[in-house]
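# Observations on the model geometry
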Amino acid sequence: MGKTILVTGGAGFIGSHTCVELLNQGDEVIVVDNLRNSSEISLDRVKAITGKSVTFHKADICNADALEGIFNQHKIDAVIHFAGLKAVGESNTIPLTYFEINVCGTVTLLKVMEKFGCRNVVFSSSATVYGDPASVPIDESFPLTSTNPYGRSKLMVEDIMRDFAKSQPDWNIVLLRYFNPIGAHSSGTIGEDPRGIPNNLLPFVSQVAVGKLPQLNVFGDDYDTIDGTGVRDYIHVVDLAIGHLKAIEKIDQNPGLVTYNLGTGNGYSVLQVIQAFEKASGKKVPYVVQPRRQGDAAECYASPDLAFKELGWKAERGIEEMCKDAWLWQSTNPQGYEG
């Protein structure tokens, strides 16, 4: 029997891919999104892929009245909470906005859920809660810290949820710490569509390859890594989406609060990603080395063993497939959704 899942931020990059997987397995999907960094067109594309519609509410998670209206209309079994701001660089310039939306918005959501007796939530956390890790691979027992307001907002929400779970033992909360989601749906119809200049590596690489931007900035080539550039654990967005389905299954076991890394366990440097993308696209990606960015770790990749052991989940798609799917999306949608 399918569940009714509320997906906050469901029109965004990871949210839209997760909606596809939920609909494909027979769940009913309610999306709430304020469209600040996303497009409603993504939800039309989700329908085209799955043959099924989501119910869409344009609303902000900071607006308790709007959320209560949604919970009044639908009997929601669980919430997958993606909504929030996510750019490290931007968070250094507008920290209060990050805390207001990411932290206060989540508190508002939890209060409304509590009022309506919905006690199951999967939270979109981030590997940024590990700060600059002392060693790799990173497992869930590592100390938590943050090097920027974005990471701090995720860590604050985790802390709030840990405290809340202690006070409310009948709640089920799954914290998913993502590493670096890239790629796109294999249809090429939904993908990452950042507003303005992209903050993350792969949309930037794709936009250079498609001719939208002149060159890529590589921040730092003097790290203690294989080629001096930063190393990250890139994960295909569809693998990541499937991780959320596994988290919802886990909730059926009433686990209380549990935390999992979602990553591949492999690190790739910026230059290795550029090479893989050039191979997938057949395009040259010119780049310029810039100074290191404040708050960037040298290398960061997951130990995904716990998610495999407890969720039965592991990433199936490699870097070549991630780059191939990202290029298909970018080359068929050079201006993103609004094009």
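Structure shown above.
A brief structural summary. This is a predicted model, so every value here is computed, not measured. Numbering of residues starts from 1 in every chain and runs along the sequence as written. With pLDDT at 70 or above as the cut-off, local features in this predicted model cover only qualifying residues; side-chain atom pairs require 80 or more to be listed or tallied, and sums for whole chains, interfaces and linings still use all residues. Note that water and hydrogens are dropped before the side-chain values are worked out from all heavy atoms of the structure.

So, on to the nonpolar core. Counting residues in hydrophobic clusters, the biggest one holds 40 residues, and the most contacted among them are Val 7, Val 29, Val 54, Val 122, Val 174, Leu 176 and Leu 262. Here a helix means four or more residues in a row that DSSP labels H or I, a strand means two or more in a row labelled E, and each is numbered from the N terminus. Looking at this core, the element that brings in the most residues is helix H8 (residues 237–251), giving 7 residues. Contact definition: two residues touch when any of their heavy atoms are within 4.5 Å. When residues no more than four places from it in sequence are discounted, the contact partners of Val 174 are Val 121, Val 122, Phe 123, Ala 247, Ile 251, Val 258 and Tyr 260. Put simply, buried Ala, Val, Leu, Ile, Met, Phe, Trp, Tyr and Cys residues joined by side-chain atoms within 4.5 Å make one nonpolar core. For the exposure calls, accessible area comes from a 1.4 Å probe over protein chains only, and a residue counts as buried if that area is under 20% of its type's maximum, exposed if over 50%, partly exposed in between. Among the nonpolar cores identified, the runner-up in size contains 24 residues, and Ala 59, Met 113, Val 157 and Leu 175 belong to it.

A separate point is the pairing of strand E8 (residues 216–219). Every second residue of E8 is oriented toward a common face, the buried set being Leu 216 and Val 218 and the non-buried set Asn 217 and Phe 219. Across 4 bridges, E8 lies against strand E13 (residues 287–290) in parallel orientation. Across the sheet, residue Asn 217 finds its bridge partner in E13, namely Val 288. Strand pairing is defined by DSSP finding a minimum of two bridges between the two strands.

So, on to the pattern of salt bridges. The salt bridge definition used is simple: a Lys or Arg side-chain nitrogen within 4 Å of an Asp or Glu carboxyl oxygen. Taken as a whole and judged by the stated rule, the model has 13 salt bridges. Note that Glu 158 is salt-bridged to Arg 177, the shortest N-O span being 2.7 Å. Separated by 19 residues along the polypeptide, Glu 158 in helix H6 (residues 149–167) and Arg 177 in strand E6 (residues 172–178) bring together distant segments of the chain. A salt bridge links Arg 293 to Asp 296; the shortest N-O distance between them is 2.9 Å. Each of Glu 158, Asp 159, Arg 162 and Arg 177 takes part in salt bridges that share partners, so that together they form one network.

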